[in-house]
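What the coordinates show
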Amino acid sequence: MFLDPEFLPVYESLPEMDVFADVPGARVALLAASGDGKSDGEVHVEDREIPVAGVDGHALSLRIYTPVSRSTAPLPVAVWIHGGGFVLGGPNAEDATCRRLTAELGIAVVAPDYRLAPENPYPAAFDDCYAALRWVVDEADALGVDATRLALGGHSAGAALVAAVALAARDRQGPRIRYLHLGYPVLDDRLETESARAVTDPKLFNRQGAAAGWELYLQGSDPEAGYAVPARAKDLSDLPPAYILADGVDPARDEALEFAARLSGAGNSVELHLVPGVPHMFDVLAPAIRASRRAVAAWTTAFAHGIGAS
């Protein structure tokens, strides 16, 4: 498939790697490449633990980012859910994104360190992310945030969890979410689209990786039940406005496009951006290329507007 010429040098340098074949090793490598989660001159960082209802002995870790220089008015707040194929990552993995949103937009960001598969299959990650959302709303006054300006955001598997949590909040008459950001979301375990069949390059996130991530996450759960697989949801009505970022060379491309069309068809407000010639996580792999800079600037501007950040 076509690759953006600016991305080609990055592609040539990529190794062939299957992170799902060695999850412990991939976790160590990702941790070494992640941010440090420490406060700096612009952003204050604090770690908290909260209980998760119905899960004995489990305390969910949250990382809270707030601007160092802030007014006394309550801040807009985003719950940011990290990616990692349901098996990798933590707040440090997307520390740079959370820190940038806090500093640039003047908002609070709460990043849950949800339980990972395969040790904790569905619904563990979903339960943790929903608990984080509920906690932010319940503790809004203590946190100094405005629960009426609440967004959910994430990339890849994190975006799948964003969609799942939004569906649950609607069905359970839970927190009112103002805006959703779904960056190159993996939404469908069936992998029956043209892009899912076409993207098999071992240097890129491909069909094999997508299938492995879903298998480790679901582990025998009924994909039609609950909120495991957002694309299988029968009803997509009455959801918050959403921004969907899709990649041209991504096995998840077509499921993202289909989900956007279904959201729009169900009467929701949807902004869709398809970036041609780039693979899954292109902005992480090649942040300096023009496609990455344009895409990040566009979704950040839309996020600021969607969450009501001035």
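The structure we're discussing is the one just above.
Read on for an overview of the structure. None of the values given here were measured: they were computed from a predicted structure. (Residues numbered from 1 in each chain as written. Predicted model: local features only at pLDDT ≥ 70, side-chain atom pairs only at ≥ 80, totals over all residues. Heavy atoms only, no water.)

1. Overview of the pairing of strand E4 (residues 108–113)
For the record, the criterion: Burial classes follow relative accessibility: with a 1.4 Å probe on protein chains only, a residue under 20% of its type's maximum area counts as buried, one over 50% as exposed, and anything between as partly exposed. By definition, any uninterrupted DSSP run of H or I lasting at least four residues is a helix, any uninterrupted run of E lasting at least two residues is a strand, and each is numbered from the N terminus. One bridge is not enough; two strands pair if DSSP finds at least two bridges between them. A right-handed crossover is one whose linking path, passing over the helix from the first strand to the second, runs clockwise when the strands point away from the viewer.
For E4, the tally of buried residues reaches five of six residues, placing the bulk of the element in the interior. Across three bridges, the pairing between strand E3 (residues 75–81) and E4 is parallel. Residue valine 77 lies in a different strand from E4, and its bridge partner there is alanine 108. Each parallel crossover has a hand, and the one from E3 via helix H3 (residues 95–105) to E4 is right-handed.

2. Observations regarding the sheet that holds E4
Using the following cut-off: Fitting a line to C-alpha atoms yields each axis, with helices limited to the stretch in contact; the angle taken between N-to-C directions then spans 0 to 180 degrees.
Ordered in space as E1-E2-E4-E3-E5-E6-E7-E8, the eight strands form an open sheet in which the pairing is mixed. In this open sheet, the two edge strands, each paired with only one partner strand, are strand E1 (43–51) and strand E8 (270–279). Here the strands of the sheet are splayed against their neighbours by 20° on average, with no regard to which way each runs. One ladder, built from six bridges, connects E3 with strand E5 (residues 145–155); its direction is parallel.

3. Remarks on the packing of aromatic side chains
For clarity, the threshold we go by: Pairing of aromatic side chains requires ring centres within 6.5 Å, counting the rings of Phe and Tyr and the six-membered ring of Trp. Pairs whose planes differ by under 30 degrees are stacked, by over 60 edge-to-face, and all others tilted. Remark: a charge is flagged as sitting over a ring if the NZ atom of Lys or the CZ atom of Arg is within 6 Å of the ring centre and within 35 degrees of the ring normal.
All told, the structure shown has twelve aromatic pairs when counted by the stated rule. Relative to tryptophan 299, the ring of tryptophan 80 has its centre 5.7 Å away and its plane inclined at 20°; by these criteria the two rings are stacked. Here tryptophan 80 is found in strand E3, whereas its partner tryptophan 299 is found in helix H11 (residues 290–307), with 219 residues between them in sequence. Taken as a pair, tryptophan 80 and tryptophan 299 share a single burial class, namely buried. An aromatic cluster is built from Phe86, Tyr122, Phe126, Tyr130, Trp214, Tyr217 and Tyr227, whose rings are joined through pairwise contacts. In this structure, arginine 172 packs its charged tip against the face of tyrosine 130, placed 4.7 Å from the ring centre.

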